[in-house]
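Each chain, written out:
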Amino acid sequence: MEQHAEILGGAAWRPRRPNWRDLLALVLIVTIIVLVGSAARQMLEPFAVARQTEISLSPAMLPGYALRTIMRMLAALVASLVFTFTYGTLAAKSRRAEMVLIPLLDVLQSVPVLGYLSFTVVFFVSLFPGRVLGVELAAIFAIFTSQAWNMAFSFFQALRTVPQDLDEASRAFRFSAWQRFWRLEVPFAMPGLIWNTMMSMSGGWFFVVASEAISVGGLHVALPGVGSYVARAIEERDLTAVGWAILAMTMTILIYDQLLFRPLVAWADKFRYEQTATAIVPKSWIIDLFRHTGLLRAFVGSIGTMAQSAVRARLSVRLPLWPRQKAILPSYLMDIVWYGAVLLLVVDLGWVLLRFAGAELSWTDLLAAATNGGITLLRVVVLIVIATLVWVPIGVGVGLNPALTEKVQPLAQFLAAFPANLLFPVAVYLIVRFHLAPAIWLSPLMILGTQWYILFNVIAGASAFPTDFTEAAATFRIRGWRWWRDVMLPGIFPYYVTGAITASGGAWNASIVSELVSWGSTRINGGGLGAYIAQMTEAGDYPRIALGIAVMSVLVVGMNRLLWRPLYALAESRMRLD
């Protein structure tokens, strides 16, 4: 458009020349490459458990620690995206696969970070003996387990609610499966996926202490990072160091918000499903910077052209030598065979678990785990209700106002990333000072792992809500409770269900660090399944760790089957943007 404007104005068009924006963009790119390369080199250094580098509480070490933490979180985020595109697509496209993969995803998101570390850290360390890379992979995998599930749920929900007219248009243009995926399904899912990606990054911060300061049985490893810094500060009761850690987290979140997520939100706005243009669109100074460069703009444009060519390729596979035949078995018989195979696999896994832990456990252990599970379940339900009542109206108000979204976005990321460990001093002091009941007053710490999933998904749903729908509601003067009931709540309902499911899983995970807290030598136990698993992990009692995880998985799957799955079905059938 700028080229055409110059020509229409009577001037001869000339290619852009390098300018100060090119220099600024080049410095920015080189700085990022150097920092990433430096952090990657440190991950390949020699390592020995007996000769670990001591974590320093000097504020001067925090920039390097923050860089190492961000590298782990970004690596886990890339793995989460790959997992999301493969796992979510398979679950959405295959009815039989969905019956297995979605309950399995329910189980995976309910397993706490400490549960994964208990069984994986030794495996990763053994892959690269004598190298820090093995421990780094264990930490990255632990962060991955706090990021991937809500992204997969968001993508699955988007694929199941693609508007019918867009689906018919893709079929009319005879898109191949590859083209349909990249030109219809991924763009439609992009607004919600980006907000869930931001939530995943913040979720990684929430569990960064457990991921970097690894303590499983007799193995104690502290990787250089903000999480290990916080763990050392809590152990030594150093409030000044805790304050420095909060400052480092704040600066880091602001930086990657400006360099990564703000440009992604602005870019994803073009994928909104609507027939009218929005009056206010999100902006990013990074995107504006690269748009006004000369040489770098041409380089980025060539990369974009290559990406467009790859996306538009048909990549259709035809096998003319294999004529189409009728199915060997009817559909209902195939279902019986499939579900029978899945049942046999589940029974076999249960038998293996029983053989592993049966000799060490008794009915008293099962009763203790079930009782603690009931306590945590009650906390999760109460917190989900509170978070829904508080954050759904706020999320709608923020999502419908792009200018407000731009201001709230970094604040919401910081609050969502705030680890519960940093509030342990306040919680322990108040409970001890006023003789409060830990079973009640430790529960608010779990909100930090619950409310943000609902808020981010509601913001994503309101942001993607078509402007023409809101204009139509205003034209017909639909206001008040009727506006919420007939317009907005149905419009954001699929996003809310996704947020509530992942919020439930986040709350179960948060119970691990919220039901058993410590500040120096002072430890407070609020009871519950999270405290049970944390105690067994510290003791290295693997049979009871497995029992606690199994009870948690059963409770989460039961809740999802009885509540969230029917709501998902309602969202798919009655509340689509068609």
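Presented here is a report on the structure given in the accompanying data block.

Basis of the calculations
- Residues numbered from 1 in each chain as written.
- Predicted model: local features only at pLDDT ≥ 70, side-chain atom pairs only at ≥ 80, totals over all residues.
- Heavy atoms only, no water.
- Helix = DSSP H or I, 4+ residues; strand = E, 2+ residues; numbered from the N terminus.
- Buried < 20%, exposed > 50% of the residue type's maximum accessible area, 1.4 Å probe, protein only.
- Contact = heavy atoms within 4.5 Å.
- Areas by Shrake-Rupley, 256 points an atom, 1.4 Å probe, with all protein chains shown as cover.
- Phe/Tyr/Trp six-rings, centres within 6.5 Å; stacked < 30°, edge-to-face > 60°.
- Expected span 1.5 Å × (residues − 1).
- Axes fitted to C-alpha atoms, helices over the stretch in contact; angles between N-to-C directions.
- Parallel < 35°, antiparallel > 145°, perpendicular 65-115°, else oblique.
- Nonpolar A, V, L, I, M, F, W, Y, C, P; charged D, E, K, R; others polar.
- Polar contact = N/O pair within 3.5 Å; in protein donor to acceptor, adjacent residues only side chain to side chain.
- Patch = residues over 30% accessible without salt bridge, like charges linked within 9 Å, V, L, I, M, F, W, Y side chains within 5 Å.
- Salt bridge = Lys/Arg side-chain N within 4 Å of Asp/Glu carboxyl O.
- Left-handed = near helix turned anticlockwise from the far one by under 90°.

## Quick notes on the overall build of the chain
Of the regular secondary structure elements, the chain holds 25 helices and 4 strands. Counting every position in the chain, which comprises 578 residues, the buried fraction comes to 49%. Sequence separation of 24 or more characterises 82% of the internal contacts of the chain that already satisfy a separation of 6 or more. For the chain, the exposed surface amounts to about 28700 Å²; the carbon and sulfur share of it is 69%.

## Here we look at the packing of aromatic side chains
Across all of its chains, the model carries 19 aromatic pairs by this definition. Between the aromatic rings of F83 and Y87, the centroid separation amounts to 4.8 Å while the plane-to-plane angle is 25 degrees, which identifies the pairing as stacked. With a gap of 4 residues between them, F83 and Y87 both fall in helix α3 (residues 62-93), about one helical turn apart. The exposure classification of F83 matches that of Y87, with both residues buried. On the basis of an interplanar angle of 75 degrees and a centroid distance of 5.8 Å, the ring pair of Y256 and F261 is categorised as edge-to-face.

## Examining the environment of A189
With respect to the secondary-structure elements, A189 resides in helix α9 (residues 177-206). On the accessibility criterion, A189 (2% relative accessible area) is buried. Along the chain, A189 and V162 lie 27 residues apart, while their C-alpha atoms are 8.5 Å from each other. A189 has contacts with F155 and A158, leaving out every residue within four places of it along the chain.

## Focus on helix α21 (residues 451-464)
Relative to the 20 Å expected for 14 residues at 1.5 Å per residue, α21 spans 20 Å between its end C-alpha atoms, a close match to the ideal helical length. Within α21, 14 of the 14 residues are buried, which leaves it mostly tucked inside the rest of the structure.

## Regarding the packing of helix α16 (residues 363-399) against helix α17 (residues 402-417)
The description of two packed helices rests on the angle between their axes and on the distance between the axes. It is at 7 Å that the axes of α16 and α17 come closest, and there the two elements cross at 120 degrees. Relative to α17, α16 is oriented oblique. Contact residues: G397, V398 and G399 in α16; L404, T405 and V408 in α17. Along the lines of polarity and charge, the residues of the contact of α16 with α17 split into 3 nonpolar, 3 polar and no charged.

## Overview of the side chain of S146
Secondary-structure assignment places S146 in the loop between α6 (132-144) and α7 (148-160). Classification of S146 by relative accessible area gives buried; the value is 7%. Engagement of the side chain of S146 in a polar contact is seen with the backbone oxygen of I143, the distance being 2.7 Å.

## Here's the deal with a nonpolar patch on the surface
Where nonpolar side chains cluster on the molecular surface, the patch consists of L378, V381, V382, V385, I386, L389, V390 and I394 and spans about 680 Å² of accessible area. Tracing the sequence through the fold places L389 in helix α16. Taking the relative accessible area as the measure of exposure, L389 reaches 65% and is therefore exposed.

## Observations concerning unusual backbone geometry
Residue R237 is not a glycine yet carries a positive backbone phi of 55 degrees. Inspection of the secondary structure assignment puts R237 in the loop between α11 (226-235) and α12 (239-268). Its identity as a non-glycine residue notwithstanding, H435 has a phi of 55 degrees, on the positive side. Inspection of the secondary structure puts H435 in the loop between α18 (424-434) and α19 (438-441).

## Quick word on the packing of α16 against α21
In contact at an axis separation of 8 Å, α16 and α21 are set at 30 degrees when each is read in the N-to-C sense. As the angle between them shows, α16 and α21 are arranged roughly parallel. Viewed along their axes, α16 and α21 form a crossing whose handedness is right-handed. Residue-level inspection shows I384, A387, T388, W391, V392, I394, G395, V396, V398 and G399 of α16 in contact with α21, the latter providing Q451, W452, I454, L455, V458, I459, A462 and S463. Classifying every residue of the contact of α16 with α21 by side-chain character gives 13 nonpolar, 5 polar and no charged.

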